[in-house]
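Report on the structure
Residue-level listing of the chains:
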Amino acid sequence: MRDCTHLAEQLSQATLRHCPHALAVALGGSQASGRHDDHSDLDLVVLLAEGALVEGARQIGEALLPLVAEPVQLVGGPAWKEGFGCRTSVLYADGFKLELFVVTPDTLPVVERVLRWQPLWGARHLMPLQAAVARQLTNDCIAARAQFDVAYAHMSICRHLTRGELFAARQVLTSLVAIALALRLFQLGRAYDPVASVKRIVRDGLDSDRVVREIESASTQLSGNPLQLAAALHMLRRTCWAILRDLPERSNGTCAAQQHLEQIATASERWMEAGAGAVPAREYVSDAPEPSGWSEMDAAHHLLQGHRLR
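The structure displayed is predicted, hence computed values, not measured ones.

1. Notes on the overall build of the chain
Summing up its helical and strand segments, the chain has 11 helices and 6 strands in all. Counting all 310 residues of the chain, 46% fall into the buried class. Long-range pairs, those at least 24 residues apart, make up 61% of the contacts in the chain with a sequence separation of at least 6. Carbon and sulfur atoms provide 54% of the accessible area of the chain, an area that totals close to 15,700 Å².

2. A word on the layout of surface pockets
Quantified by volume, the largest pocket comes out at close to 750 Å³. Considering the residues around the largest pocket, the lining is formed by 31 residues, among which Gly-29, Ser-30, Arg-116, Lys-199 and Arg-203 are closest to the centre. Elements with a contribution of two residues or more to the lining of the largest pocket: helix H2 (29-33), strand S2 (42-48), strand S5 (97-103) and helix H7 (197-203). Ranked by residue count, the leading element in the lining of the largest pocket is H2, at 4 residues. Class assignment for the residues of the lining of the largest pocket results in 8 nonpolar, 6 polar and 17 charged.

3. Here we look at helix H10 (residues 252-274)
The terminal C-alpha atoms of H10 lie 34 Å apart, and with 23 residues this matches the ideal 33 Å at 1.5 Å per residue to within 8%. Of all the residues in H10, the buried ones are Thr-254, Gln-258, Leu-261, Ala-265, Ser-268, Glu-269 and Met-272. Looking at the packing, one finds that the buried side of H10 touches helix H5 (139-163) and helix H9 (226-246).

4. What to know about the nonpolar core
Membership of the largest hydrophobic core comes to 44 residues, with the highest contact counts inside it found for Val-150, Leu-161, Leu-176, Leu-183, Tyr-192, Leu-233 and Leu-236. If you list the elements that add at least two residues to this core, you get H5, helix H6 (166-187), helix H8 (210-219), H9 and H10. The element contributing the most residues to this core is H6, with 12 residues. In this view, Leu-161 contacts Leu-166, Ala-169, Leu-229, Ala-230, Leu-233 and Met-272; residues no more than four positions away in its chain are not counted. By size, the runner-up hydrophobic cluster in this structure holds 27 residues, among which are Leu-11, Ala-22, Leu-64 and Cys-86.

5. Regarding the pairing of S2
Most of S2 sits inside the fold, with 7 of its 7 residues counted as buried. Neither face of S2 is open: one carries Leu-42, Leu-44, Val-46 and Leu-48, the other Asp-43, Val-45 and Leu-47, and all of them are buried. Where strand S1 (residues 22-28) lies against S2, 6 bridges are found, and the strand directions are antiparallel. Bridged to Ala-26 within S2 is Val-45. Across 6 bridges, the pairing between S2 and S5 is parallel. The residue of S5 that forms the bridge with Leu-42 is Leu-98.

6. Description of the sheet that holds S1
Pairing is mixed across the open sheet formed by 6 strands, whose spatial order is S3-S4-S5-S2-S1-S6. Looking along the sheet, the strands with just one partner apiece sit at the ends: strand S3 (73-81) and strand S6 (118-121). Geometrically, the sheet is characterised by an average inter-axis angle of 25° between neighbouring strands, direction not taken into account. As paired strands, S3 and strand S4 (residues 85-92) are joined by 7 bridges and run antiparallel to one another. Residue pairing across strands places Gly-76 opposite Ser-89, the latter belonging to S4. Packing against the sheet, helix H4 (residues 123-136) makes contact with S1, S2 and S6, and its axis sits at approximately 160° to S6.

7. Some points on the environment of Leu-67
Within the secondary structure layout, Leu-67 lies in the loop between helix H3 (53-64) and S3. Sequence-wise, Leu-67 and Leu-7 are 60 residues apart; in three dimensions their C-alpha atoms are separated by 9.6 Å. Among residues more than four places away in sequence, those in contact with Leu-67 are Gln-10, Leu-11 and Ala-14.

8. Focus: the pattern of salt bridges
Taken as a whole and assessed by the stated rule, the structure comprises 14 salt bridges. Notably, a salt bridge pairs Arg-145 with Asp-149, separated by 3.7 Å at the nearest N-O pair. Of this pair, Arg-145 and Asp-149 both sit in helix H5, 4 residues apart, roughly one helical turn. Glu-214 is the salt-bridge partner of Arg-210, the closest N and O atoms lying 3.4 Å from each other. Pair noted here: Arg-210 and Glu-214 are both in helix H8, with a separation of 4 residues, about one helical turn. By relative accessible area, which is 40% here, Arg-210 ends up partly exposed. Glu-214 gets classed as buried once you look at its relative accessible area, which sits at 7%. Taken together, the shared-partner salt bridges connect Asp-41, Arg-87, Lys-97 and Glu-99 into one network.

9. Here's the deal with the packing of aromatic side chains
If you walk through the whole model with that rule in mind, you get 3 aromatic pairs. Where Tyr-92 meets Phe-96, the ring centres are 6.0 Å apart and the plane angle is 25°; that geometry is what we call stacked. Residues Tyr-92 and Phe-96 agree in their burial class; the two are buried. One cation-aromatic arrangement involves Arg-113 over Phe-84; the distance from NZ or CZ to the ring centre is 3.8 Å. The residue whose ring lies beneath Arg-237 is Trp-241, and the NZ or CZ to ring-centre distance is 4.2 Å.

Parameters and conventions
- Note that residues are indexed from 1 along each chain, following the sequence as it is written.
- Local features are withheld for residues below a pLDDT of 70 in this predicted model, meaning they are given only at 70 or higher, and side-chain atom pairs are given and counted only at 80 or more; totals for whole chains, interfaces and linings count all residues.
- Based on all heavy atoms of the structure, the side-chain values leave hydrogens and waters out of the count.
- Secondary structure elements follow DSSP: runs of H or I no shorter than four residues count as helices, runs of E no shorter than two count as strands, and numbering proceeds from the N terminus.
- Exposure is judged per residue with a 1.4 Å probe applied to protein chains only, and the accessible area is read against the type maximum: over 50% gives exposed, under 20% gives buried, and values in between give partly exposed.
- Only heavy atoms enter the contact rule, under which two residues are in contact if any of them lie within 4.5 Å.
- Residue burial considers only the protein chains on display, and all accessible areas are found by Shrake-Rupley using a 1.4 Å probe.
- The definitions used throughout rest on a 1 Å grid laid over the protein atoms alone, on which a cavity is an enclosed set of points accommodating a 1.4 Å probe that cannot get out and a pocket is an open set flanked by protein within 12 Å on both sides along at least five of seven lines; lining residues are those having an atom within 4 Å of a point.
- Grid points are joined across faces, edges and corners, and a volume is the space filled by probe spheres set on the points.
- Asp, Glu, Lys and Arg are counted as charged, while Ala, Val, Leu, Ile, Met, Phe, Trp, Tyr, Cys and Pro are counted as nonpolar; the rest, among them Gly, fall into the polar class.
- Here the expected length of a helix is defined as 1.5 Å per residue gap, with one fewer gap than residues.
- Buried Ala, Val, Leu, Ile, Met, Phe, Trp, Tyr and Cys residues that are joined via side-chain atoms within 4.5 Å together make up what is termed a nonpolar core.
- The pairing criterion is simple: DSSP has to find at least two bridges between the two strands.
- Angles run from 0 to 180 degrees between N-to-C directions of axes, and those axes are lines fitted to C-alpha atoms, restricted for helices to the stretch in contact.
- Should a side-chain nitrogen of Lys or Arg be within 4 Å of a carboxyl oxygen of Asp or Glu, the pair is scored as a salt bridge.
- Aromatic pairing here means that ring centres of Phe, Tyr or Trp (its six-membered ring) are within 6.5 Å. Orientation follows from the plane angle: under 30 degrees is stacked, over 60 is edge-to-face, and everything else is tilted.
- Lysine NZ or arginine CZ positioned within 6 Å of the ring centre and within 35 degrees of the ring normal marks a charge as sitting over the ring.

Structure below.
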């Protein structure tokens, strides 16, 4: 097991000494939240002053990576990772991973994980930016992002299925599973974060949650044929819509956006129905037994058990 506390301090102080454009260094990920274990990696965030982000990340790597070089390692980056920053990753022979994320004030991601970053130094620069991010993370802002995520994934999957691009459809369906899980987590009062949602289910003890198990049931279709892929798409779409409609304190703008989402989805699904050999998702029927006593609130999720649309 690596001593991540010592390593973080070593890299933090080296940044302070050798990187004059750095404004702050912070811990991220499980090390920052205190939920790390023997298999956790180290996420270190460097806040730079305004400037060319990729070039700044390259300079940070040149200053820090020689301090942690080992005979067996692989280095990737710097490259932008959505929702995190400009990332440089180092993989080591013992399975340890070091991730350096470089951001500037104008490229700081507006996501909940930024609020969990723990400054090692430079708090006076980082904390006002975290407060600004917190002010932007309103329910309407998060709902708008989720609506777009669902619409974008749905449209892409419809396009791939219409063309018979099954590998591509499966890949984007996997991302829709992550979006559905993130929405369920948000519905339960946690952060909306499709990047981390697939990990947080186990870590947050939600393996047996009813909706999570239904999403898992849909995900088991992803290795199937076009019929099953179309069914999985429909199931996940309906689940996402049900959660979005159930979000509290929805504004008029959020409600209007939901209507737009559903109109766009209807147009995309017509591609599959009109395509040669395409089978509409609503024709899929599974052998799952008919459950009893499901409520109107459960209706959207009920499709995940594989029943014919009526």
